[in-house]
Number of protein chains: 10
Amino acid sequence: MKREAVTEKICDAKRMKGLTWKAIAKKIDPKESHILITAALLGQMKLEPAQAAKAAKLLGLGKMEEKLLCEIPYRGSLPQVPPTDPTIYRFYELVQVYGTTWKELIHEEFGDGIMSAIDFNMTMERLPDPKGDRVKIVMTGKYLEYKRY
Amino acid sequence: MKREAVTEKICDAKRMKGLTWKAIAKKIDPKESHILITAALLGQMKLEPAQAAKAAKLLGLGKMEEKLLCEIPYRGSLPQVPPTDPTIYRFYELVQVYGTTWKELIHEEFGDGIMSAIDFNMTMERLPDPKGDRVKIVMTGKYLEYKRY
Amino acid sequence: MKREAVTEKICDAKRMKGLTWKAIAKKIDPKESHILITAALLGQMKLEPAQAAKAAKLLGLGKMEEKLLCEIPYRGSLPQVPPTDPTIYRFYELVQVYGTTWKELIHEEFGDGIMSAIDFNMTMERLPDPKGDRVKIVMTGKYLEYKRY
Amino acid sequence: MKREAVTEKICDAKRMKGLTWKAIAKKIDPKESHILITAALLGQMKLEPAQAAKAAKLLGLGKMEEKLLCEIPYRGSLPQVPPTDPTIYRFYELVQVYGTTWKELIHEEFGDGIMSAIDFNMTMERLPDPKGDRVKIVMTGKYLEYKRY
Amino acid sequence: MKREAVTEKICDAKRMKGLTWKAIAKKIDPKESHILITAALLGQMKLEPAQAAKAAKLLGLGKMEEKLLCEIPYRGSLPQVPPTDPTIYRFYELVQVYGTTWKELIHEEFGDGIMSAIDFNMTMERLPDPKGDRVKIVMTGKYLEYKRY
Amino acid sequence: MKREAVTEKICDAKRMKGLTWKAIAKKIDPKESHILITAALLGQMKLEPAQAAKAAKLLGLGKMEEKLLCEIPYRGSLPQVPPTDPTIYRFYELVQVYGTTWKELIHEEFGDGIMSAIDFNMTMERLPDPKGDRVKIVMTGKYLEYKRY
Amino acid sequence: MKREAVTEKICDAKRMKGLTWKAIAKKIDPKESHILITAALLGQMKLEPAQAAKAAKLLGLGKMEEKLLCEIPYRGSLPQVPPTDPTIYRFYELVQVYGTTWKELIHEEFGDGIMSAIDFNMTMERLPDPKGDRVKIVMTGKYLEYKRY
Amino acid sequence: MKREAVTEKICDAKRMKGLTWKAIAKKIDPKESHILITAALLGQMKLEPAQAAKAAKLLGLGKMEEKLLCEIPYRGSLPQVPPTDPTIYRFYELVQVYGTTWKELIHEEFGDGIMSAIDFNMTMERLPDPKGDRVKIVMTGKYLEYKRY
Amino acid sequence: MKREAVTEKICDAKRMKGLTWKAIAKKIDPKESHILITAALLGQMKLEPAQAAKAAKLLGLGKMEEKLLCEIPYRGSLPQVPPTDPTIYRFYELVQVYGTTWKELIHEEFGDGIMSAIDFNMTMERLPDPKGDRVKIVMTGKYLEYKRY
Amino acid sequence: MKREAVTEKICDAKRMKGLTWKAIAKKIDPKESHILITAALLGQMKLEPAQAAKAAKLLGLGKMEEKLLCEIPYRGSLPQVPPTDPTIYRFYELVQVYGTTWKELIHEEFGDGIMSAIDFNMTMERLPDPKGDRVKIVMTGKYLEYKRY
């Protein structure tokens with residue numbers, strides 16, 4: 001069984017039950033970020049066994065699918081790059097436009113290293129604004145220095 | 001004259017004068033974000049004429065180069081995609097892993113639309129952490145709703 | 001269930017019932033553009049619940065398919081780029097030939113920004129012409145200025 | 001001599017003389033669309049000899065460059081596809097999202113054929129709007145029917 | 001139902017009945033080129049309703065398939081480009097080797113325009129030759145001049 | 001010295017002297033097809049020494065360039081595929097649309113083989129037509145049968 | 001029915017019956033090269049009807065599959081290029097390393113032409129060697145001269 | 001200094017002196033294959049110091065170039081893949097058509113391994129044939145077995 | 001039957017039985033590296049018949065699947081390159097960053113040759129470290145010298 | 001000034017002075033790995049100022065080049081991927097063949113995380129072997145666990 005099949009089944013159940021990702025995440029585990037849990041349900045992160053059990057119950061998944069949710073997936077959510085979907089493309093565009101700037105400024109502030117995408121967390125929220133509400137994303141990733149040896 | 005030639009000349013001057021992007025940005029215009037100004041110096045944004053004049057003086061640029069800095073560039077800073085440089089790649093990887101999650105959650109919170117990459121601003125700072133300092137990036141982009149007609 | 005399966009089922013129903021997109025769109029919602037509704041039926045826009053209900057009834061769709069039509073799709077209608085189909089390729093060719101010209105003239109008229117493809121609408125009509133009728137397309141997209149910060 | 005070299009020289013002259021594309025086009029030939037003439041100056045269309053002579057005088061071009069402006073160029077203005085520049089990308093995105101819709105509706109209205117990108121003309125203008133001005137583009141292309149034989 | 005499925009069914013029927021494309025085309029419509037009809041059966045052109053009816057009868061197709069043959073297909077017959085099949089690759093190679101020559105000579109003879117691939121017809125025949133028979137292809141396409149505006 | 005440099009020098013000379021490819025070809029060798037000679041001058045075929053000598057004299061080329069014209073070039077005239085130039089793209093489109101049809105009909109008429117692109121010749125001419133003149137291209141290539149062994 | 005399905009069925013039968021390609025080829029036709037016949041069974045060549053009949057009997061194929069083996073396939077055996085499989089990649093690497101050398105030496109010995117890959121045959125055998133046996137491949141392809149016209 | 005510059009200088013000298021690769025190779029070292037030496041001169045193999053000294057003298061190369069010829073190059077002779085040049089493409093086509101066949105037969109004869117492209121040698125010669133001379137290539141590569149561990 | 005289907009079935013069985021790769025490998029053959037056996041179960045190496053029999057028994061595979069495990073697979077485990085999965089990407093990144101360094105140092109130490117990826121073995125283990133445990137990979141590949149001939 | 005120009009100048013100096021990378025690295029800093037220093041000289045790592053000063057003196061570099069060696073480069077050493085050079089390709093092939101195996105085994109031993117390519121070090125040495133010496137590479141990279149949040 002492929003992870004994509006589980007993702008499709010989850011989306012089908014969510015659609016028919018009229019649930020939101022936030023509501024699902026809250027039921028699966030209110031102590032973890034709903035972003036992390038949504039990513040897991042979309043096949044990009046793994047769930048802990050207890051979380052998967054709740055997900056299976058809530059969404060009507062079988063044993064195989066429940067166990068698959070606990071496996072570490074082959075990550076990569078985009079069917080092609082650059083992504084054709086405009087909502088996702090805008091993030092890609094930020095990398096295209098700001099990529100070299102981020103590199104220069106991380107190096108200037110921290111040294112020869114990277115912002116980890118593994119020891120990483122994020123939040124996403126609505127920022128009310130009279131000129132039109134804004135999407136606010138806060139990311140923090142551990143700075144990792146290139147080891148000299 | 002190509003914008004890349006200006007960028008190269010700026011980097012040469014910065015290197016020989018031992019300047020930092022933050023210091024350059026502060027001299028060019030302390031009221032604008034140093035991220036925006038660094039991006040402009042790297043060929044991804046434009047400078048205002050007064051800013052370009054200061055940049056030219058500080059970095060020893062000619063008239064043509066000063067004027068080019070005020071032109072809107074053909075944006076796109078990456079020599080190839082996916083970016084081979086690890087510091088930049090990690091941002092690309094976030095889009096790969098979280099792309100569909102961001103899409104789902106933006107739609108759930110806001111509706112059928114996108115986070116603008118044009119009406120957009122950001123900050124980047126050091127987040128002290130006993131387990132290793134972190135890079136903190138805060139982005140806000142205006143939510144734009146798909147027009148129905 | 002995948003959106004492509006709904007699109008295929010819609011096309012099958014349209015074919016067997018001998019309907020046109022314009023006629024279908026009119027029945028689904030005469031107050032919205034038939035372009036928007038056709039795009040939704042082809043998997044590129046979403047329908048409002050009332051519209052989807054009418055679409056389902058008209059085209060013999062099930063509950064799952066009706067609900068899927070109300071979901072925001074993963075946009076991108078072309079199986080590959082450049083598009084191999086000549087009718088679509090000609091639009092792509094316009095971007096290839098006029099891309100830099102549009103950029104220059106939008107910047108000259110408006111400043112550093114873009115024509116939105118989100119806050120966007122269009123019409124398409126037949127322009128009678130003795131030398132051969134013409135396809136007339138009118139697009140308007142909101143001008144969005146790059147935010148300085 | 002390559003056409004790109006002429007384009008670069010034209011842009012250099014325009015920059016140093018502080019001219020706009022509209023002003024240049026008006027001087028070169030007020031009876032032709034400034035879009036067409038801008039496209040020619042950017043290496044995508046040819047100029048007529050009298051137009052090229054005026055362009056050469058206005059922009060300080062040599063004989064070789066003047067003659068090159070009268071040659072039919074190898075068209076294609078984008079350094080890579082998809083275009084990395086956001087202003088141009090939005091047009092590409094419209095083809096991605098609306099490509100199949102345009103195809104269906106052109107066929108429904110006209111039959112088995114295409115909108116010509118050769119027997120084609122366009123205008124671009126500012127559409128004042130209290131919620132933010134809009135870019136308005138009107139294109140007409142001759143409908144060409146697939147020949148049956 | 002996808003057009004590829006119809007093509008596959010047609011090829012299966014042709015194979016089991018031991019028919020040739022020429023014979024099939026003659027039965028479907030002796031007044032149209034067998035090239036055009038073969039292309040339609042391979043999913044690149046549409047058939048007229050009367051032709052499709054004959055095709056359906058001859059090849060044992062159902063109603064859905066018959067109607068699909070009358071739809072304008074999403075053109076593009078090659079699974080990948082460059083084509084891996086040697087018989088097709090040779091045509092691609094001609095474009096690679098002669099592309100710029102054709103462009104120069106069409107412009108020299110006709111002006112700034114193209115040979116239409118839409119208002120286009122062709123024949124293919126055997127040219128007896130003592131040193132080995134030759135494939136002779138004659139193509140004519142309408143010259144289309146770039147419109148000036 | 002690269003062949004592209006010779007091609008560029010030839011185009012420069014042709015432009016400044018106001019010559020046509022046909023006139024140049026006639027002077028170089030009136031007994032060979034002007035298509036073949038034009039292709040050689042564009043870097044896709046070789047010239048015979050006597051032809052190259054005439055080309056050098058006519059176009060003001062040096063000894064190195066004259067000799068380079070007699071070398072068999074690394075063929076391939078397109079800067080990228082699919083070709084962005086519309087005049088050349090239309091030929092590419094014919095391969096895209098008719099590729100599988102040509103394959104089927106060559107096999108049906110001749111057997112398991114190809115139309116050679118090496119033992120190949122062609123003509124291109126204007127076909128007067130009241131509805132608009134047409135470009136007529138006649139190609140013949142030797143049929144080559146797959147050897148069984 | 002697709003040729004790939006026949007290939008898969010053949011491989012399944014070969015596996016379960018414990019046959020070798022050489023043994024299969026010998027039974028199908030001992031007078032033709034087992035390379036040619038193996039290539040046909042893998043979907044890259046066609047079989048003669050008598051050969052296909054024997055193949056069908058030996059491998060338990062149905063009528064449709066037998067007939068498909070007599071059809072000229074859409075050639076191209078590699079799922080992607082460069083080939084990921086190391087055994088095949090080494091051949092690709094030879095083309096990468098020796099490609100220009102082969103071109104130069106064929107032209108030097110024969111003139112302006114190619115080694116045919118159509119009028120072509122080959123053998124593959126084991127060359128005993130005390131330092132480790134070697135794979136010996138002998139290819140001959142007809143020299144084809146570019147036609148001048 | 002780049003190896004390509006040496007290759008270009010070698011080709012220029014060869015052209016002006018009217019030499020052949022075979023003659024050059026014989027003078028550089030009559031005991032090594034002229035294929036190997038030609039490949040080295042084209043930037044794909046290295047020469048031994050004594051060979052490079054002779055090459056430098058014969059072709060008028062400087063000290064830097066002579067030394068570069070003794071360096072192991074970054075191999076890969078094709079400007080793009082698939083190769084656009086027909087003479088080279090035919091070899092690529094053989095890999096495309098016969099790739100899986102070679103794999104199967106090498107495995108059947110030798111086991112789980114490859115034909116080395118490193119411990120490899122080849123000859124190329126003219127095979128007289130009344131129906132047209134043939135290019136004969138003989139390759140032998142050491143069979144390398146996948147190590148089990 | 002495709003090898004991917006066997007891999008999927010193996011993963012399904014492993015998941016439902018709660019086994020680890022190490023445990024499976026030990027049962028299949030404790031004398032071979034669990035890396036090699038895991039690679040075989042993932043479709044990149046072959047198993048010996050006795051190993052496959054044990055695998056089949058342990059994982060509930062049928063006869064066809066057991067035999068397929070003994071076949072030499074078409075190698076290449078990545079669905080696309082660069083790999084989107086971060087765990088695998090880091091290895092790819094090492095090749096990107098260190099590729100030319102490895103080449104230079106292998107040549108400097110050994111001469112003109114390669115490290116074999118066929119006569120190759122490896123181990124992977126946990127290296128305890130107070131600052132965080134490390135993954136330790138040891139690879140050895142036979143040095144293969146380019147043959148001169 | 002571009003980093004590639006520094007790399008080229010370093011290689012030129014190394015060639016003319018007859019130095020090895022090991023000898024250069026030892027002189028620049030005997031306490032750091034010669035792999036790291038070689039990578040820096042090839043444009044993939046940075047040097048410390050004292051190291052760069054020694055490199056400049058040893059290799060005859062100017063001030064600008066010395067300073068550039070201390071800058072963090074835009075990493076990525078391969079002109080194209082997959083790498084065409086066989087010595088480098090073999091490493092790429094290991095990722096292709098073992099990629100999924102490494103992923104599975106790292107996850108099994110460590111959990112949901114990666115082997116860092118940043119907090120990473122390696123050695124490369126000659127492993128004497130009577131059947132042919134071997135290249136031995138030892139890599140260790142810090143295990144980084146995906147953060148849950």
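A quick note: this is a predicted structure, and the numbers were derived from the prediction, not measured.

Quick look at the overall build of chain A
Part 1 of the argument: Each helix and strand counted, chain A has six helices and two strands in total.
Part 2 of the argument: Its helices and strands in sequence order give chain A the pattern α-α-α-α-α-α-β-β, from N to C terminus.
Part 3 of the argument: The principal-axis extent of the C-alpha atoms belonging to chain A is close to 50 × 50 × 30 Å.
Part 4 of the argument: Out of the 149 residues belonging to chain A, those deemed buried represent 62%.
Part 5 of the argument: About 5,400 Å² of surface is accessible on chain A, with carbon and sulfur atoms providing 55% of the total.

Some remarks on the side chain of Thr140 of chain A
Part 1 of the argument: Along the chain, Thr140 of chain A turns up in strand β2 (residues 134-145).
Part 2 of the argument: Residue classification places Thr140 of chain A among the buried positions, given a relative accessible area of 8%.
Part 3 of the argument: For Thr140 of chain A, the side chain forms a polar contact with the side chain of Asn121 of chain A, separated by 2.6 Å.
Part 4 of the argument: Among the polar contacts made by the side chain of Thr140 of chain A, one reaches the side chain of Arg134 of chain B at a distance of 2.8 Å.
Part 5 of the argument: The contact partners of Thr140 of chain A, leaving out residues within four places of it in the chain, are Asp119, Phe120 and Asn121 of chain A together with Leu127, Arg134, Val135 and Lys136 of chain B.

Focus: the environment of Thr140 of chain J
Part 1 of the argument: When the C-alpha positions of Thr140 of chain J and Phe120 of chain J are compared, they lie 5.7 Å apart, and in sequence the two are 20 residues distant.
Part 2 of the argument: Excluding anything up to four places from it in sequence, Thr140 of chain J contacts Leu127, Arg134, Val135 and Lys136 of chain I together with Asp119, Phe120 and Asn121 of chain J.

Side note on the UniProt feature "active site" (unreviewed entry) in chain A
Part 1 of the argument: Under the feature "active site" (unreviewed entry), the UniProt entry names Arg90, Glu93 and Ser116 of chain A.
Part 2 of the argument: Owing to a relative accessible area of 1%, Glu93 of chain A belongs among the buried residues under this scheme.
Part 3 of the argument: The contact partners of Glu93 of chain A, leaving out residues within four places of it in the chain, are Ala117 and Ile118 of chain B, Tyr146 of chain C together with Pro86, Tyr89 and Arg90 of chain D.
Part 4 of the argument: Within the secondary structure, Ser116 of chain A sits in strand β1 (residues 113-127).
Part 5 of the argument: Judged by relative accessible area, Ser116 of chain A falls into the buried class, the value being 2%.
Part 6 of the argument: Those residues within four positions of Ser116 of chain A in sequence are excluded, and the remaining contacts are Gly141, Lys142 and Leu144 of chain A.
Part 7 of the argument: Side-chain polar atoms of Ser116 of chain A contact the backbone nitrogen of Asp119 of chain A, separated by 2.9 Å.

Overview of the interface of chain A and chain B
Part 1 of the argument: With 69 residues of chain A at the contact, the number on the chain B side is 69 residues.
Part 2 of the argument: Interface area, chain A with chain B, both sides summed: about 6,800 Å², of which 67% is carbon and sulfur.
Part 3 of the argument: Ranking the residues of chain A by area buried against chain B places Trp102, Arg134 and Val135 of chain A at the top, with a combined share of 10%.
Part 4 of the argument: Where chain A touches chain B, the interface holds eight salt bridges.
Part 5 of the argument: In this structure, the salt-bridge partner of Lys22 of chain A is Glu109 of chain B, at a minimum N-O distance of 3.8 Å.
Part 6 of the argument: One can count 30 residue pairs in polar contact (both at pLDDT 80 or more) joining chain A with chain B.
Part 7 of the argument: Where the side of chain A that touches chain B is concerned, the elements lending two or more residues are α2 (21-28), α3 (34-41), α6 (86-110), β1 and β2 of chain A.
Part 8 of the argument: With 24 residues, α6 of chain A is the single largest residue contributor to the side of chain A that touches chain B.
Part 9 of the argument: Two elements, β2 of chain A and strand β2 (residues 134-145) of chain B, share nine bridges in a ladder whose sense is antiparallel. Looking at the pairing, Ile137 of chain A lines up with Met139 of chain B of β2 of chain B.

Quick word on the interface of chain G and chain F
Part 1 of the argument: Listed per partner, the contact involves 32 residues of chain G and 32 residues of chain F.
Part 2 of the argument: Across the interface of chain G and chain F, roughly 3,100 Å² is buried in total on both sides, 60% from carbon and sulfur atoms.
Part 3 of the argument: Looking at the side of chain G facing chain F, the largest losses of area belong to Ile118, Arg148 and Tyr149 of chain G, adding up to 31% of the total buried there.
Part 4 of the argument: The tally of links between chain G and chain F comes to six salt bridges.
Part 5 of the argument: Note that Arg148 of chain G and Glu48 of chain F form a salt bridge whose closest N and O atoms lie 3.6 Å from each other.
Part 6 of the argument: At the boundary of chain G with chain F, the tally comes to 14 residue pairs in polar contact (both at pLDDT 80 or more).
Part 7 of the argument: Among the secondary structure elements, those contributing two or more residues to the side of chain G that touches chain F are α3 (34-41), α6 (86-110), β1 (113-127) and β2 (134-145) of chain G.
Part 8 of the argument: A total of seven residues in the side of chain G that touches chain F trace back to one element, the largest contributor, which is β1 of chain G.
Part 9 of the argument: Considered class by class, the residues forming the side of chain G that touches chain F number 15 nonpolar, six polar and 11 charged.

Description of the packing of aromatic side chains
Part 1 of the argument: Tallied over the full model, the rule gives 55 aromatic pairs over all chains.
Part 2 of the argument: Aromatic pair Phe91 of chain A and Trp102 of chain B: ring centres 4.3 Å apart, planes at 35°, arrangement tilted. Placement of Phe91 of chain A in helix α6 and of Trp102 of chain B in helix α6 (residues 86-110) is noted, with the two residues assigned to different chains. There is no split in this pair, since Phe91 of chain A and Trp102 of chain B are both buried.
Part 3 of the argument: Each ring, one from Phe110 of chain F and one from Tyr143 of chain F, has its centre 4.8 Å from the other, and the planes form 25°; the classification is stacked. Taken together, the residues span a long stretch of sequence, with Phe110 of chain F in helix α6 (residues 86-110) and Tyr143 of chain F in strand β2 (residues 134-145) at a distance of 33 residues.
Part 4 of the argument: Members of the aromatic cluster, connected to one another through ring pairs, are Tyr89 and Tyr92 of chain A together with Tyr89 and Tyr92 of chain D.

Considerations on the sheet that holds strand β1 (residues 113-127) of chain H
Part 1 of the argument: One open sheet holds the four strands; their spatial order is β1(G)-β2(G)-β2(H)-β1(H), and the pairing between them is antiparallel. With partners counted over all chains shown, the strands left at the sheet margins are β1 of chain G together with β1 of chain H, one partner each. Strand-to-strand twist across the sheet, computed as the mean angle between neighbouring axes with direction ignored, equals 20°.
Part 2 of the argument: Docked against the sheet, helix α6 (residues 86-110) of chain H engages β1 and β2 of chain G together with β1 and β2 (134-145) of chain H, running at close to 20° with respect to β1 of chain G.

Parameters and conventions
- Residues numbered from 1 in each chain as written.
- Chains lettered and ligands numbered in written order.
- Predicted model: local features only at pLDDT ≥ 70, side-chain atom pairs only at ≥ 80, totals over all residues.
- Heavy atoms only, no water.
- Helix = DSSP H or I, 4+ residues; strand = E, 2+ residues; numbered from the N terminus.
- Buried < 20%, exposed > 50% of the residue type's maximum accessible area, 1.4 Å probe, protein only.
- Areas by Shrake-Rupley, 256 points an atom, 1.4 Å probe, with all protein chains shown as cover.
- Polar contact = N/O pair within 3.5 Å; in protein donor to acceptor, adjacent residues only side chain to side chain.
- Contact = heavy atoms within 4.5 Å.
- UniProt positions renumbered as here; feature names shortened; annotations may be inferred.
- Buried area = accessible area lost by both parts, 1.4 Å probe.
- Salt bridge = Lys/Arg side-chain N within 4 Å of Asp/Glu carboxyl O.
- Pairing = 2+ DSSP bridges.
- Nonpolar A, V, L, I, M, F, W, Y, C, P; charged D, E, K, R; others polar.
- Phe/Tyr/Trp six-rings, centres within 6.5 Å; stacked < 30°, edge-to-face > 60°.
- Axes fitted to C-alpha atoms, helices over the stretch in contact; angles between N-to-C directions.

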